[in-house]
Amino acid sequence: MSSNFKMVATTLQGLEEVLSNELKELGAQDVKVGVRMVEFVGDEGFMYKANLYLRTAIRILKPIIKFKIRNEDELYKNLLKIRWEKYLSVSGTFATKGTNQFSGLTNNTHYLALKTKDAIADYFMARYESRPNVDIKHPDLKVNVHVDRNGVATVSLDSSGDSLHKRGYRLNTNLAPINEVLAAGLVLLSGYKGDQNFIDPMCGSATILIEAAMIACNIPANINRKEFAFEKWKDFNEELFFVIQDSLVKKIRDPQFKIMGFDKAPSAVRKANENIANANLEEFIGVHHVNFFNSSKEVHGPTTILFNPPYGERLQLDDIEGFYKSIGDTLKHHYHNSSAWFITSDFEALKHVGLKTSRRIAIKNSDLDCKFVKYEIYEGSKKAKKNDY
């Protein structure tokens, strides 16, 4: 039986608690929330499971050593002490990545990565008179070095490789597509678990719909990925990986409620349907060529509405205030018995929705400060007052 070890799952700012909950539900031990990351403990099989299943993780790192440094020279000397042949063959390939918060080092992440690369190459040359080659795109080993503000360097192996937001299903996108990890995080923040209808009324390339359907069906987030970095590790246990993968696949279920999206652009509907087919979810998601502002709720029972409308920094609109007022009017008059959520960075335009928010969550969309807001739309509700944001 493999022993437990500490790991780090990185995420987007604002999704740390969501990721923490995911890890706990998956069975992680000693879960600790940080900034854009969550620490946890598990064994080799759990590392495979975390990469396959987690929806809000960007990558899973396996720390192998920590040490205190004062300058670049000490960093280099400590890196030379690592027995790199445990992780990498002379004939193999590797890539390095660095992040630095320490004032004692050159404040350049590329320089840190370069210093790490030099140390690994020099280590092999000194012992074997040969060295592994650098391969940025498909390395056998991806090494991550993080130096915190106190000069503590953590050397980790990146078990994911490509960012875990690259699920493998999205081949076609529209202008300003939402990141898959953020889309899944928004769905989870809304509380949706597949226990009611789900509508994305401005669905674009269907990322939110696909993530919602995968949650409703309990489909592992990265089941469509072609590879993970750990599959090239020297100690990769292929048999264990397939056992973990099969156990997750057996827990997939059919959704019991409607999942549907609208878009007014025929090209968006086409791209959405292509991505849904790539995710093998066409049986569970319906996308329709409909302008949300001319639509009404046609499903019975409680419904989660979640969307990513245009906002000023993403897509330019001639009348952004009128656009947001139309969102509020459409929800108020045509979508009773629904919880409506959307994300925006346009806080001024948000005032014109004309509905009172029941929740506001601060979150980042790329480098934009955003609010993820919720409106409860009741049957026969009182005339909504303008939100005093």
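Residues numbered from 1 in each chain as written. Predicted model: local features only at pLDDT ≥ 70, side-chain atom pairs only at ≥ 80, totals over all residues. Heavy atoms only, no water.

Visitor: For this particular structure, what's the right way to read the overall build of the protein chain?
Guide: A tally of regular secondary structure across the protein chain gives 10 helices and 15 strands. Taking 21 Å as the expected radius of gyration for a compact globule of 389 residues, we find that the protein chain reaches 23 Å, a close match to that expectation. Each of the three principal axes of the protein chain carries a C-alpha extent, and together these read 75 × 45 × 40 Å. By the burial criterion, 52% of the 389 residues in the protein chain qualify as buried. (Helix = DSSP H or I, 4+ residues; strand = E, 2+ residues; numbered from the N terminus. Rg over C-alpha atoms; globule rule 2.2 N^0.38 Å. Buried < 20%, exposed > 50% of the residue type's maximum accessible area, 1.4 Å probe, protein only.)

Visitor: Where do I start with unusual backbone geometry in this structure?
Guide: Where the residue is not glycine, phi is negative for most of them; where a peptide bond is considered, it is trans in most cases. A positive phi angle, near 50 degrees, is found at aspartate 30, a position not held by glycine. Residue aspartate 30 is classed as partly exposed on the basis of its relative accessible area, which comes to 47%. Although it is not a glycine, alanine 206 sits at a positive phi angle of roughly 80 degrees.

Visitor: Would you take a moment to explain the confidence of the model for the protein chain for this structure?
Guide: In low-pLDDT regions, the fine details of the predicted coordinates are not to be read closely. Chain-level pLDDT for the protein chain is 93 on average; 94% of the residues reach the 70-or-more range. Here residues 381–389 is a poorly scored stretch, pLDDT under 50, and it has 18 contacts once near neighbours within four places are set aside; other chains count. (pLDDT = per-residue confidence, 0-100. Contact = heavy atoms within 4.5 Å.)

Visitor: When you look at the pattern of salt bridges in this model, what are you seeing that I'm missing?
Guide: Side chains bearing opposite charge may pair, as long as their charged atoms lie close to each other. Scanning all chains against the criterion turns up 10 salt bridges. In this structure, aspartate 118 and lysine 117 form a salt bridge, with 3.2 Å as the shortest nitrogen-oxygen distance. Aspartate 118 gets classed as partly exposed once you look at its relative accessible area, which sits at 29%. A residue is classified by how much of its surface remains accessible, and lysine 117, at 22% relative accessible area, is partly exposed. Where lysine 374 meets glutamate 376, a salt bridge forms, and the shortest distance between an N and an O atom there is 2.9 Å. By relative accessible area, which is 28% here, glutamate 376 ends up partly exposed. (Salt bridge = Lys/Arg side-chain N within 4 Å of Asp/Glu carboxyl O.)

Visitor: Where do I start with the packing of aromatic side chains in this structure?
Guide: The description of an aromatic ring pair uses the distance of the two centres, along with the angle that the planes make with each other. Inspection of the entire model under this criterion finds 23 aromatic pairs. With a centroid separation of 5.8 Å and an interplanar angle of 40 degrees, the aromatic rings of phenylalanine 230 and phenylalanine 236 are classed as tilted. Neither residue differs from the other here; phenylalanine 230 and phenylalanine 236 are each classed as buried. Members of the aromatic cluster, joined through ring pairs, are Phe292, Phe293, Phe307, Phe323, Tyr324, Tyr335, Phe342 and Tyr375. A cation over a ring is seen here: arginine 55 above tyrosine 53, with NZ or CZ 4.9 Å from the ring centre. (Phe/Tyr/Trp six-rings, centres within 6.5 Å; stacked < 30°, edge-to-face > 60°. Lys NZ or Arg CZ within 6 Å of the ring centre and 35° of its normal.)

Visitor: Help me understand the environment of alanine 50 in this model?
Guide: With respect to the helices and strands, the residue alanine 50 is situated in helix H2 (residues 44–53). Residues alanine 50 and isoleucine 60, spaced 10 residues apart in sequence, show a C-alpha to C-alpha distance of 7.5 Å. Excluding its chain neighbours within four sequence positions, the residues that come into contact with alanine 50 are Leu26 and Ile60.

Visitor: What should I look at first to understand the sheet that holds strand E1 (residues 5–10) in this one?
Guide: What links the strands of a sheet is backbone hydrogen bonding, and the strands pair in either a parallel or an antiparallel sense. Read across the sheet, eight strands follow the order E2-E3-E1-E4-E8-E7-E5-E6 without closing on themselves; strand pairing throughout is mixed. The open sheet has two edge strands with one neighbour each: strand E2 (29–33) and strand E6 (133–134). With seven bridges joining them, strand E5 (residues 93–100) and strand E7 (residues 141–147) adopt parallel strand pairing. Residue pairing across strands places alanine 95 opposite lysine 142, the latter belonging to E7. Running over the sheet, helix H3 (residues 72–80) touches strand E4 (59–68), E7 and strand E8 (152–158) and is turned about 110 degrees from E4. Sheet strands touched by helix H4 (residues 109–128): E5, E6 and E7. Its angle to E5, the strand with the most contacts, is close to 140 degrees. (Pairing = 2+ DSSP bridges. Axes fitted to C-alpha atoms, helices over the stretch in contact; angles between N-to-C directions.)

Visitor: What exactly am I supposed to notice about the sheet that holds strand E10 (residues 259–263) here?
Guide: Pairing is mixed in the open sheet, where seven strands are placed in the order E11-E10-E9-E12-E13-E15-E14. Because the sheet does not close on itself, it has two edges, and the strands there are strand E11 (286–289) and strand E14 (359–365). Pairs of neighbouring strands in the sheet enclose a mean axial angle of 20 degrees, with direction left out of account. Note: strand E9 (residues 197–200) against E10, three bridges, orientation parallel. Paired with phenylalanine 198 across the two strands is isoleucine 259, which belongs to E10. The sheet strands contacting helix H5 (residues 180–189) are E9, strand E12 (303–307), strand E13 (338–344), E14 and strand E15 (368–377), and the helix crosses E14 at an angle near 170 degrees. The strands that helix H8 (residues 266–278) touches are E10 and E11; relative to E11, the one it contacts most, it runs at about 170 degrees.

Visitor: Help me understand the nonpolar core in this model?
Guide: Most often, soluble globular proteins keep nonpolar side chains buried together rather than apart. Leu23, Phe40, Ile60, Leu79 and Trp84 are the most contacted members of the largest nonpolar core, which totals 49 residues. For this core, the leading source of residues is H2, giving six residues. Sequence-distant contacts of tryptophan 84, that is, excluding residues within four places in its chain, are made with Ile64, Leu79, Ile120, Tyr123, Phe124, Val143 and Val155. Ranked by size, the runner-up nonpolar core spans 42 residues in total, among them Cys203, Ile210, Ile215 and Ala272. (Core = buried A, V, L, I, M, F, W, Y, C linked by side-chain atoms within 4.5 Å.)

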